[in-house]
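As a plain string of letters, each chain reads:
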Amino acid sequence: MSASEWAEAMRRALERSTGVGVVPVETVRAQSGLEFLRGVAEGRHPRAPISDTLAFQLVEVEQGRAVFQGMPAAGHANPMGTVHGGWSATLLDSAMSCAVHSTLAAGQGYTTAEFKVSLVRPVLAGRGPLRAEGKVIHVGRTLATSEGRLYDADGKLYAHGTETCVIFAL
């Protein structure tokens, strides 16, 4: 896909959205992870409040895979003028952890236990959109691992990482 097609995908995702908010735990508990995330992507559930702060959105989800897309902006910059590494790390954490979430059964939850991100080139405001794609490596009874990549429409890599999530009963 081209950058303009990615921008259009994000515009459509935001158009479907019901706004930002936190979903009641009873609702989350009653759905599989994939059902829940599809509800966010399709606008049946609100997107996370941080998605407005950092200008990103869930654009694709399937079993074991999640893709977030974001638009780095001047408001995400550090004092040197490049986008703060935390922006890239947050997109990757979201993609890698939601890839894990997409594999969970109803009644299960997760939280990030640790993640490592390698930033391989600077992100500049307005240079985007960028996509963070997370893929599951392994899901066990109590721990799951995943990996992710942050890249542009030309396939240029900006960051990559790995993550471990703790799985628990909701």
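Each remark here, short or long, concerns the structure printed above.
Residues numbered from 1 in each chain as written. Predicted model: local features only at pLDDT ≥ 70, side-chain atom pairs only at ≥ 80, totals over all residues. Heavy atoms only, no water.

A.B. asks: I'd like a description of the overall build of the protein chain, backed by residues and values.
C.D. replies: Helix and strand content of the protein chain: five helices and six strands. Ordered by position from N to C terminus, the α and β elements of the protein chain give α-α-α-α-β-β-α-β-β-β-β. For the protein chain, whose C-alpha radius of gyration is 15 Å, the value lies close to the compact-globule estimate of 15 Å for 170 residues. Dimensions along the principal axes, computed over C-alpha positions, put the protein chain at roughly 45 × 30 × 30 Å. Within the protein chain, the proportion of its 170 residues that are buried is 44%. Contacts in the protein chain between residues far apart in sequence, at least 24 positions, make up 68% of those at least 6 positions apart. Surface summary for the protein chain: the accessible area is close to 8,100 Å², and the carbon and sulfur share equals 55%. Averaged over its 16 positive side-chain charges, the protein chain has a centre that lies 2 Å from the centre of its 16 negative ones. (Helix = DSSP H or I, 4+ residues; strand = E, 2+ residues; numbered from the N terminus. Rg over C-alpha atoms; globule rule 2.2 N^0.38 Å. Buried < 20%, exposed > 50% of the residue type's maximum accessible area, 1.4 Å probe, protein only. Contact = heavy atoms within 4.5 Å. Areas by Shrake-Rupley, 256 points an atom, 1.4 Å probe, with all protein chains shown as cover. Lys, Arg positive; Asp, Glu negative; His and termini not counted. Charge placed at Lys NZ, Arg CZ, Asp CG, Glu CD.)

A.B. asks: Go over the side chain of Asp 152, please, and point to the residues and values.
C.D. replies: Residue placement: Asp 152 occurs in strand 5 (residues 143-152). Despite its burial, Asp 152 pairs with no opposite charge, the nearest such side chain being Lys 156 at 4.8 Å. From its side chain, Asp 152 meets the backbone nitrogen of Asp 154 in a polar contact 2.9 Å long. A polar contact is formed between the side chain of Asp 152 and the side chain of Tyr 158, at a distance of 3.4 Å. Filtering out sequence-adjacent residues up to four positions away, Asp 152 remains in contact with Trp 6, Pro 129, Leu 130 and Tyr 158. (Salt bridge = Lys/Arg side-chain N within 4 Å of Asp/Glu carboxyl O. Polar contact = N/O pair within 3.5 Å; in protein donor to acceptor, adjacent residues only side chain to side chain.)

A.B. asks: So what about the environment of Ala 77? Which residues, and what values?
C.D. replies: Relative to the helices and strands, Ala 77 resides in the loop between strand 2 (65-70) and helix 5 (85-101). With a relative accessible area of 33%, Ala 77 lands in the partly exposed category. Residues Ala 77 and Val 166, 89 residues apart in the sequence, show an inter-C-alpha distance of 31 Å. In contact with Ala 77, other than residues within four places in its own chain, are Thr 82, Val 83 and His 84.

A.B. asks: Please provide a residue-by-residue account of helix 5, values included.
C.D. replies: Along its 17 residues, helix 5 runs 24 Å from first to last C-alpha, staying within 8% of the 24 Å computed at 1.5 Å per residue. Here helix 5 lies mainly inside the structure; 14 of its 17 residues are buried. (Expected span 1.5 Å × (residues − 1).)

A.B. asks: I'd like a rundown of the environment of Lys 116, residues and numbers included.
C.D. replies: Considering the arrangement of structural elements, one finds Lys 116 in strand 3 (residues 108-119). Along the chain, Lys 116 and Ala 74 lie 42 residues apart, while their C-alpha atoms are 25 Å from each other. Apart from residues lying up to four places away in sequence, Lys 116 is in contact with His 160, Gly 161 and Thr 162. A distance of 2.9 Å separates a polar atom in the side chain of Lys 116 from a polar atom in the side chain of Ser 118.

A.B. asks: Hey, could you go over the layout of surface pockets for me, with residue numbers and the actual values?
C.D. replies: Of the pockets and cavities examined, the largest pocket occupies roughly 720 Å³. As for the largest pocket, its lining consists of 29 residues, of which Phe 36, Ala 48, Cys 98, His 101 and Tyr 110 are closest to the centre. Secondary structure elements with two or more residues in the lining of the largest pocket: helix 2 (25-30), helix 3 (33-41), helix 4 (49-53), strand 1 (56-62), helix 5 and strand 3. Broken down by element, the residue count for the lining of the largest pocket peaks at five residues, all from helix 5. (1 Å grid on protein atoms, 1.4 Å probe; cavity = no way out; pocket = protein on both sides within 12 Å on 5 of 7 lines; lining within 4 Å. Points joined across faces, edges and corners; volume = space filled by probe spheres on them.)

A.B. asks: Which residues make up the sheet that holds strand 1, and what values go with them?
C.D. replies: Taking strand neighbours across the sheet as the criterion, the six strands line up as 1-2-4-5-6-3 in an open arrangement whose pairing is antiparallel. The open sheet has two free edges, formed respectively by strand 1 and strand 3, since each of these has just one partner strand. Here the strands of the sheet are splayed against their neighbours by 20 degrees on average, with no regard to which way each runs. Both strand 1 and strand 2 contribute to a ladder of six bridges, which runs antiparallel. (Pairing = 2+ DSSP bridges. Axes fitted to C-alpha atoms, helices over the stretch in contact; angles between N-to-C directions.)

Shape is all these values report; function is a separate question.
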